[in-house]
Amino acid sequence: MFLTYQRLAGTLLAELPALWFGLTGPIEWFLDTVVGPTMDLLAEVLGAPMLAYPFMQRAYLAAVCIAVIGPLVGTFLVHREMSMLSDTLAHTAFAGVAVGLFLNSALSLSLSPLLTAFVVAIVTALLVELLVEHAGAYTDTSLAMVLTGGFAVGSILITATDGGIAVGIDAYLFGSLATVSTANVGILVLMSLIVGGLVTLTYRPLLYVTFDATAAQAARLNVRLYKRLMVVLTALVVVSAMQIMGVILVAAMLVVPVAAAAKVAGSFKQSISLAILAAEFAAIAGVTLSYVYGIAAGGSIVVAAIAVYVAVLGVQKLAHRLPTVQRLRSLRTRQPRDGLEADGGERE
Amino acid sequence: MTTATTETDRSAEPLISVDDVTFGYGDIPVLESVSIDVEPGSFLGLVGPNGSGKSTLLDLMLGLRRPDEGTVSLFGEPAHEFDAGERIGYVAQNATKAARNMPITVQEVVEMGRYPRRLFGRFSAADRRAVEGALEEVGITDLASRRVGRLSGGQRQRVFIARALASEADLLALDEPTVGVDAESREEFYSLLHDLNATGLTVILIEHDIGVVTTYATDIACINRQLYFDGNPDEFVETDALAQAYGADQHVLQHDH
């Protein structure tokens, strides 16, 4: 009985890489016929030869995808005050990578470590969510335990095989442009379509659950389902972006642009667009700086994103000092009774 | 409720019927053998000390929790099986807290009232009309594009009422909605609730300010794990139910405000 299962699992595992590389066909075509020529043209027009290198074209395409799906899911996550979850899932995804490398080395398979990372991150996301459903709230302590626990398991697995698989682990920890393969880009594009599609489809329930989960439950929305969907989406985004951003830094893509956008956005929809815009700027600037100065891509992108955040803060502070027509008008109308309710005296 | 409020009774069947309900969190008993009916069109004020089980009772009434013993029916169905979410408007105790930092407009929040009817797909003309009408009814049309977090406490509460009106709810449940709202806005808020109730909307209000409840409610239920009083406000002020329910906690509560 057990043996048949093992054999079944064995064949399944053996088939998966084939499925995996089925992705490379269409994406290679896309890179060759759409991205390549466009960027070659850009390279010529801008006088920047790096845009013509295939590995940079892959890197830019990957970064652009990450900058869409990161803030898209991050906006819901941040406003549910669950930013830590993205970091936690990233660290358990590292354990997933280690599991993949370990299985390959121990059973001489050729699994993509990214695949095992997806599985481990999604399973962890659902487990965390089930624990939360049981306990009632996210706690710093439990997330910190899952985060460090995942990382611990990863480090054990990596050292358990004579250090042979420790080679290349840096790429997962800190991210890298050079190791982004066509298959990786294919996965990112596919994930962007899946994540983008799911968020578009379930935008309303996700928004209601993020804003006011109790009222959403009273209105008979399936709150549990949408909360679970949200954590699975987070896992998908984190693992997809891990290759470039690195396990340790990937969470920034879901948090920093969102925080910047939240300062200035006029509405929730606008805050998503602005966050994506900020992330795109950071991603393209980061990848470019990374190539020009030969520095880490993930780090450059995160620093660029934080620079955007700081700039937004600065501009906002400055704007508050200057009198605008709108502010003058509101000063004039806000005299008699708003004096009392101006800030609502919100003590709790 | 009792039949003392005959003029607001529109049908024989209660909108909510709580029958001999007992509920606890683990080993901690929260409610014991509570029975209470909410008639359509009534304005029920739920009062009791902190930790008396008011919010839990409201959750049970709305089917958000299931009783350990006893039954709850909502619009004539077992409360937990009831699925016409658009008939319930709920303003949670901490709703305003989440609203403070999130970049979301008044319009976006009020549109949520339509979500139970249209969770996917485009809003129809009727959906849009309902949202506009709700904004107008509570007098926040001019605030529609403002961020909810940048409103005053009183304005923000109206947004949540508008959300319930947009869903054309039959029942509006509020759990201490005016915590942190200044006195003048509170007065306006409660007279708005009173007006809405007069148009036939059934209201259940959890409130720590007994004065508000006796002024605006048509029925009062006073609980502290058990039901101490269930009747109209005039009778309520004559009995010593309040003192009994609050018992030794009373001085602690007064300390609260």
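Since the structure is predicted, the reported quantities are computational estimates derived from the model, not experimental observations.

Asks: Before we go on, may I ask you to explain the overall build of chain A in this structure?
Replies: Each helix and strand counted, chain A has 16 helices and zero strands in total. Out of the 348 residues in chain A, the part that is buried amounts to 49%. Considering only contacts within chain A whose residues lie at least 6 apart along the sequence, 76% involve residues at least 24 apart. Per element, the accessible surface of chain A, about 16,600 Å² overall, is 69% carbon and sulfur.

Asks: How do you make sense of the interface of chain A and chain B when you look at a structure like this?
Replies: Quoted interface sizes are often the accessible area lost when the parts come together. Contact residues are listed per partner, giving 38 residues for chain A and 50 residues for chain B. For the pair chain A and chain B, the summed buried surface comes to about 3,400 Å²; carbon and sulfur atoms form 55% of the total. At the junction of chain A with chain B, the criterion picks out one salt bridge. For the salt bridge of D212 of chain A with R163 of chain B, the shortest nitrogen-to-oxygen distance reads 3.0 Å. Applying the counting criterion to the chain A and chain B interface returns 12 residue pairs in polar contact (both at pLDDT 80 or more). Looking at the side of chain A that touches chain B, the elements with two or more residues in it are α9 (203–211), α10 (213–218), α12 (252–264), α13 (268–293) and α16 (338–341) of chain A.

Asks: Looking at this model, I keep getting lost on the UniProt feature "transmembrane region" (unreviewed entry) in chain A. Mind explaining?
Replies: All names here are of chain A. Using the residue numbers shown here, the UniProt feature "transmembrane region" (unreviewed entry) corresponds to residues 12–31, 59–77, 89–107, 113–132, 144–166, 172–199, 229–262 and 299–319. As a span, residues 89–107 carries 100% helix and 0% strand, and end to end its C-alpha atoms are 26 Å apart. Structurally, residues 113–132 comprises 100% helix and 0% strand, and the distance from its first C-alpha atom to its last is 28 Å.

Asks: Would you mind showing me how to read a negative patch on the surface here?
Replies: Residues and elements named next belong to chain B. On the surface, a cluster of negative charge is contributed by D19, D20, D68 and E69. Within the secondary structure, D20 sits in strand β1 (residues 16–25). With relative accessibility at 42%, the residue D20 sits in the partly exposed group.

Asks: Could you clarify how one ought to interpret unusual backbone geometry in this entry?
Replies: Of all residues except glycine, most have a negative phi; of all peptide bonds, most are trans. Residue and element names in this part refer to chain B. Of note in this structure, S33 is not a glycine but carries a positive phi near 40 degrees. Tracing the chain through its elements places S33 in strand β2 (residues 28–38). The exposure class assigned to S33 is partly exposed, which follows from its relative accessible area of 45%.

Asks: What am I meant to see in the sheet that holds β2 of chain B here?
Replies: Pairing between sheet strands relies on hydrogen bonds along the backbone, with the strands arranged either parallel or antiparallel. Residues and elements named next belong to chain B. Here we have four strands laid out as an open sheet, ordered β2-β1-β4-β5, and antiparallel in their pairing. Looking at the sheet topology across the chains shown, the edges are occupied by β2 and β5 (77–78). By the bridge criterion, two bridges tie strand β4 (residues 69–74) to β5 in an arrangement that is antiparallel. Each bridged residue has a counterpart across the sheet, and for S73 the counterpart in β5 is P78.

Asks: Just to check I follow, could you spell out the side chain of R114 of chain B for this structure?
Replies: Residues and elements named next belong to chain B. Looking at where R114 falls in the secondary structure, it is placed in the loop between α3 (106–111) and α4 (125–137). Assessed through its relative accessible area of 5%, R114 is described here as buried. A polar contact of 2.9 Å, which involves the side chain of R114, links it to the side chain of D127. Sequence-distant contacts of R114, that is, excluding residues within four places in its chain, are made with F123, A126, D127, A130, V131, A166, S167 and E168.

Asks: What's the story with the sheet that holds strand β6 (residues 88–91) of chain B in this structure? I'm lost.
Replies: Residue and element names in this part refer to chain B. What the six strands build is an open sheet, ordered β6-β7-β8-β3-β9-β10; its pairing is mixed. Across the chains shown, the open sheet's two edge strands, defined by having one partner strand only, are β6 and β10 (226–231). The sheet shows a mean angle of 15 degrees between the axes of neighbouring strands, direction not considered. Alignment of strand β9 (residues 219–224) against β10, held across five bridges, turns out to be antiparallel. When the sheet's bridge partners are listed, C222 is paired in β10 with F229. Along the sheet, helix α1 (residues 54–61) contacts β3 (43–47), β6, β7 (171–175), β8 (202–206) and β9; its crossing angle with β8, the most-contacted strand, is approximately 150 degrees. Packed onto the sheet, helix α6 (residues 183–198) meets β3, β7 and β8 and runs at close to 150 degrees relative to β8.

Asks: For this particular structure, what's the right way to read the pairing of β6 of chain B?
Replies: Along any regular strand, the residues point their side chains to alternate faces of the sheet. Residue and element names in this part refer to chain B. In β6, alternate side chains face the same way, and those of I88 and Y90 on one face and G89 and V91 on the other are all buried. Both β6 and β7 contribute to a ladder of four bridges, which runs parallel. The partner of Y90 across the bridge, within β7, is A173.

Asks: Looking at this model, I keep getting lost on a nonpolar patch on the surface. Mind explaining?
Replies: Residues and elements named next belong to chain A. Together, Y53, F55, L289, Y291, V292, Y293 and I295 line one region of the surface with nonpolar side chains, adding up to about 650 Å² of accessible area. Of the residues forming the nonpolar patch, the biggest block, four residues, is contributed by α13. Residue placement: I295 occurs in the loop between α13 and α14 (297–321).

Asks: I keep staring at the packing of aromatic side chains and nothing clicks. Help me out?
Replies: Centre distance and the angle of the planes are the two values used to describe a pair of aromatic rings. Scanning the model with the defined rule gives 15 aromatic pairs over all chains in all. Judged by centre distance (6.4 Å) and plane angle (55 degrees), the rings of F55 of chain A and Y291 of chain A are tilted. One end of the pair, F55 of chain A, is in helix α3 (residues 54–79); the other, Y291 of chain A, is in helix α13, with 236 residues separating them in the sequence. A relative accessible area of 31% means that F55 of chain A is categorised as partly exposed. Where F211 of chain A meets F160 of chain B, the ring centres are 6.1 Å apart and the plane angle is 15 degrees; that geometry is what we call stacked. In this pair, F211 of chain A sits in helix α9 while F160 of chain B sits in helix α5 (residues 153–166), so the two residues belong to two different chains.

Cut-off values and rules
- Residues numbered from 1 in each chain as written.
- Chains lettered and ligands numbered in written order.
- Predicted model: local features only at pLDDT ≥ 70, side-chain atom pairs only at ≥ 80, totals over all residues.
- Heavy atoms only, no water.
- Helix = DSSP H or I, 4+ residues; strand = E, 2+ residues; numbered from the N terminus.
- Buried < 20%, exposed > 50% of the residue type's maximum accessible area, 1.4 Å probe, protein only.
- Contact = heavy atoms within 4.5 Å.
- Areas by Shrake-Rupley, 256 points an atom, 1.4 Å probe, with all protein chains shown as cover.
- Buried area = accessible area lost by both parts, 1.4 Å probe.
- Salt bridge = Lys/Arg side-chain N within 4 Å of Asp/Glu carboxyl O.
- Polar contact = N/O pair within 3.5 Å; in protein donor to acceptor, adjacent residues only side chain to side chain.
- UniProt positions renumbered as here; feature names shortened; annotations may be inferred.
- Patch = residues over 30% accessible without salt bridge, like charges linked within 9 Å, V, L, I, M, F, W, Y side chains within 5 Å.
- Lys, Arg positive; Asp, Glu negative; His and termini not counted.
- Charge placed at Lys NZ, Arg CZ, Asp CG, Glu CD.
- Pairing = 2+ DSSP bridges.
- Axes fitted to C-alpha atoms, helices over the stretch in contact; angles between N-to-C directions.
- Phe/Tyr/Trp six-rings, centres within 6.5 Å; stacked < 30°, edge-to-face > 60°.

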